[in-house]
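Understanding the architecture of this molecule
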Amino acid sequence: MNLQTIPIHPVQHVEFDAGLLRRLSQSGPRYTSYPTADRFTDSFGYRDYLQTVTHLHSRGARHPLSLYLHIPFCDTVCYYCGCNKIVTKNREKAGTYLGYLKREIAMQGKLFAGFNQVEQLHFGGGTPTYLSDAQMDDLMQHIRRWFSLADDEKGEYSIEVDPRSVTAERVHTLRQQGFNRISLGVQDFDLEVQKAVNRIQPEEKTLEVIRAAREAGFRSVSIDLIYGLPKQTVMTMNQTISKVIAADPDRIAVYHYAHLPHLFKPQRRIHDDDLPSPDAKLDMLALCIRRLNEAGYVYIGMDHFAKPTDELAIAQRQGRLHRNFQGYSTHAESDLVACGVSAISSVGMGYSQNAKTLEEYYDRLDHNELPVTRGYQLSMDDVLRRFIIQMLMCNFELSIRSLEEAYPIKFDAYFALELEQLKDLQAMGLLTMDDEWIEVSLKGRLLIRNICMVFDRHLQQARRLQSEPLRYSRTV
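Residues numbered from 1 in each chain as written. Predicted model: local features only at pLDDT ≥ 70, side-chain atom pairs only at ≥ 80, totals over all residues. Heavy atoms only, no water.

For the rest of this paragraph, the subject is the state of the cysteines. What the rule picks out here adds up to zero disulfides. Between C288, a free cysteine, and C78, which holds the nearest cysteine sulfur, the sulfur-to-sulfur gap is 19 Å. Left without a disulfide partner, C452 is nearest to the cysteine sulfur of C394, which lies 9.1 Å away. Owing to a relative accessible area of 0%, C452 belongs among the buried residues under this scheme. (Disulfide = S-S within 2.5 Å. Buried < 20%, exposed > 50% of the residue type's maximum accessible area, 1.4 Å probe, protein only.)

What follows is the structure, encoded as structure tokens:
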């Protein structure tokens, strides 16, 4: 498909209502899954996962797969980071890890024999480019031995890159190894902010990687930013966003920094006094939205912006957008098979998560078992609510009639309590409702997590029991 020939419809920008955002911001999930990962239990294990895959075989499932590989290693620690990572300069640890990872890939490949077509591959971390060229070559060859990767034109093969860890030559090598999308962690170009989070990354180094990606023929270049970091101001954020727009990436993610030092030890090195105030963070968000809108980027949702010609923007206009553990995706029908320490799979009616420590991950594989240590089996109510949350998160609308045709329910009876809560949000101008549609307004799109939380039965139950721990970021 030639993306340049697809008609571009007028872009509807989100509306920024600072008073409303300030009033409604609260702790809440990001809904990369429903139910969310904090609902997983250790009663779901390796054998439950096997049953889930067996069920796919029995019903003749032939959807293409999405494959995720977690590379947990980093050279240095970034103080803001909440990822599952291992900071070490001992490269031998990566070699040991790859040996076990390849064993897991082979085990998964055997399970999915006969329907192992992969159309989406994502390397995340940690820092995937912690691996050497030779290690990456070996790993990609191993993946192709056990899975059938779609051709380059059809497949979406992405890798997260720390610009400090790669040269232009390495970027070209990554393209030759099969990657066609690249995501760069930038966070902020301001030197004082970089010092405060222990991530010194010269602007020219980042631009060098972007130029190399364009020259190498990557289909998409994405940049990640964070607002709310220590030492950030509206002025420094404006300077950073100007430099990012000038770099002309296809996608830009502007994440809100979630300061949760009780959960993430590296964040304890950040001084509370250095953090911008809530009002300053709202001003930064407003600035980023305005600048990116003016530059022609489309607000996809949940911190993500893309050019109108980008596949995400096109999928959203066509109602094909999907959301999973890697964020927004165009591959709605794909089961997600995830390999590596702490990686989360979404296969059939189940979620499964691997061991979170290397020791347990290795031990499970040494016993010839997939390293699944926890997970969740979805009920039909979960599947129904997951569909609703997906529609709202991705398309900002829900067809009630279509839902009733797909599921044996009467919407207004099944969701009577939720509709009462939605009426309050409707009165605030976040959405409109009638007998056939729920539509999120332009001002409601920035608060889409609040709207989706209404349909989260697990969260609502936890709040009624006052048992919800402080594990979520603020919704704005």
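It is worth spelling out the pattern of salt bridges at this point. It is possible for side chains bearing opposite charge to pair when their charged atoms get close. Applying the stated criterion across every chain yields a total of 31 salt bridges. The shortest N-O distance in the salt bridge between D17 and K443 comes to 3.6 Å. Taken together, the positions of D17 in the segment before α1 (18-24) and K443 in the loop between β20 (437-440) and α16 (448-453) put the pair 426 residues apart, joining distant regions of the chain. Residue D17 is classed as partly exposed on the basis of its relative accessible area, which comes to 30%. (Salt bridge = Lys/Arg side-chain N within 4 Å of Asp/Glu carboxyl O. Helix = DSSP H or I, 4+ residues; strand = E, 2+ residues; numbered from the N terminus.)

In terms of residue burial, strand β9 (residues 251-256) counts as a mostly covered element, since five of its six residues are buried. Regarding topology, helix α8 (residues 234-247) serves as the crossover connection from strand β8 (residues 220-227) to the parallel β9, and that connection is right-handed. One ladder, built from three bridges, connects β9 with strand β11 (residues 304-306); its direction is antiparallel. Residue pairing for β11: R251 is matched across the bridge by A306. (Right-handed = clockwise from strand over helix to strand, strands pointing away. Pairing = 2+ DSSP bridges.)

What follows deals with the sheet that holds strand β19 (residues 431-433). Taken together, the three strands give an open sheet; going across it, the order is β18-β20-β19, and neighbouring strands pair in antiparallel fashion. Because the sheet does not close on itself, it has two edges, and the strands there are β18 (397-399) and β19. In this sheet, adjacent strand axes meet at a mean angle of 10° when their direction is disregarded. Here β19 pairs with β20 via three bridges, running antiparallel. If you follow T432 over to β20, its bridge partner there is E439. Sitting on the sheet, helix α12 (residues 380-395) is in contact with β18 and β20, with an inclination near 135° to β18. Along the sheet, helix α15 (residues 416-427) contacts β19 and β20; its crossing angle with β19, the most-contacted strand, is approximately 130°. (Axes fitted to C-alpha atoms, helices over the stretch in contact; angles between N-to-C directions. Contact = heavy atoms within 4.5 Å.)

So, on to empty space enclosed by the protein. Following the criterion strictly, the structure yields three cavities of 30 Å³ or more and no others. Considered as a void within the structure, the largest cavity measures approximately 170 Å³ in volume. Of all the secondary structure elements, the ones that give two or more residues to the lining of the largest cavity are β9 and α16. Here the lining of the largest cavity is built from residues that sort into nine nonpolar, three polar and five charged. (1 Å grid on protein atoms, 1.4 Å probe; cavity = no way out; pocket = protein on both sides within 12 Å on 5 of 7 lines; lining within 4 Å. Points joined across faces, edges and corners; volume = space filled by probe spheres on them. Nonpolar A, V, L, I, M, F, W, Y, C, P; charged D, E, K, R; others polar.)

This part is about the pairing of strand β10 (residues 298-301). The pairing of β10 with β11 spans three bridges and is classified as antiparallel. If you follow G301 over to β11, its bridge partner there is H304.

Right, let's get into the environment of Y157. With respect to the helices and strands, the residue Y157 is situated in strand β6 (residues 156-161). Considering only alpha carbons, one finds Y157 and G178, 21 residues apart in sequence, at a separation of 7.0 Å.

This part covers the packing of aromatic side chains. What the rule picks out here adds up to 13 aromatic pairs. Ring centres of Y100 and Y362 lie 4.1 Å apart, and the angle between their planes is 20°; on these two criteria the pair is classed as stacked. Here Y100, found in helix α3 (residues 92-111), pairs with Y362, found in helix α11 (residues 358-366); they are 262 residues apart in sequence, far enough to count as distant. Of the two residues, Y100 and Y362, neither departs from the other in class, the shared state being buried. Both rings, one in F411 and one in F415, keep their centres 4.9 Å apart while their planes meet at 45°; by these two values the pair is tilted. A relative accessible area of 2% means that F411 is categorised as buried. What makes F415 buried here is its relative accessible area of 0%. Each member of the aromatic cluster is reached from another via a ring pair, and the members are F73, Y97, Y100, Y130, Y361 and Y362. Cation over ring: R323 sits above Y328, and NZ or CZ is 4.8 Å from the ring centre. (Phe/Tyr/Trp six-rings, centres within 6.5 Å; stacked < 30°, edge-to-face > 60°. Lys NZ or Arg CZ within 6 Å of the ring centre and 35° of its normal.)

Next up on the list: a negative patch on the surface. A contiguous patch of negative charge, built from E397, D412, D434, D435 and E439, is present on the exposed surface. One can find D434 in the loop between β19 and β20. (Patch = residues over 30% accessible without salt bridge, like charges linked within 9 Å, V, L, I, M, F, W, Y side chains within 5 Å. Areas by Shrake-Rupley, 256 points an atom, 1.4 Å probe, with all protein chains shown as cover. Lys, Arg positive; Asp, Glu negative; His and termini not counted. Charge placed at Lys NZ, Arg CZ, Asp CG, Glu CD.)

Below, the discussion takes up the confidence of the model for the protein chain. Looking at the protein chain as a whole, the pLDDT averages 92, with 96% of positions reaching at least 70. When the criterion is pLDDT under 50, residues 1-10 qualifies, and its contacts beyond four places in sequence or with other chains add up to 13 contacts. (pLDDT = per-residue confidence, 0-100.)

Moving on to the side chain of H256. Among the structural elements, H256 can be located in strand β9. Setting aside residues no more than four positions away along its own chain, H256 makes contact with I226, Y227, K281, R474 and V476.

Before going further, it helps to spend a moment on α15. In a regular helix each residue adds 1.5 Å, so twelve residues correspond to 16 Å; α15 covers 17 Å between its end C-alpha atoms and thus fits that length. Within α15, burial applies to E418, L419, L422 and L425. Down the axis of α15, the sector holding all buried residues measures 110°, keeping them to one side. Opposite the buried face of α15, at more than 90 degrees from it, the exposed residues are L417 and A427. Where the residues of α15 are buried, they touch α12, α14 (411-414), β19, β20 and α16. Count one or two residues on from α15 and you reach G429, which has phi positive near 90°. (Expected span 1.5 Å × (residues − 1). Arc of directions from axis to C-beta.)

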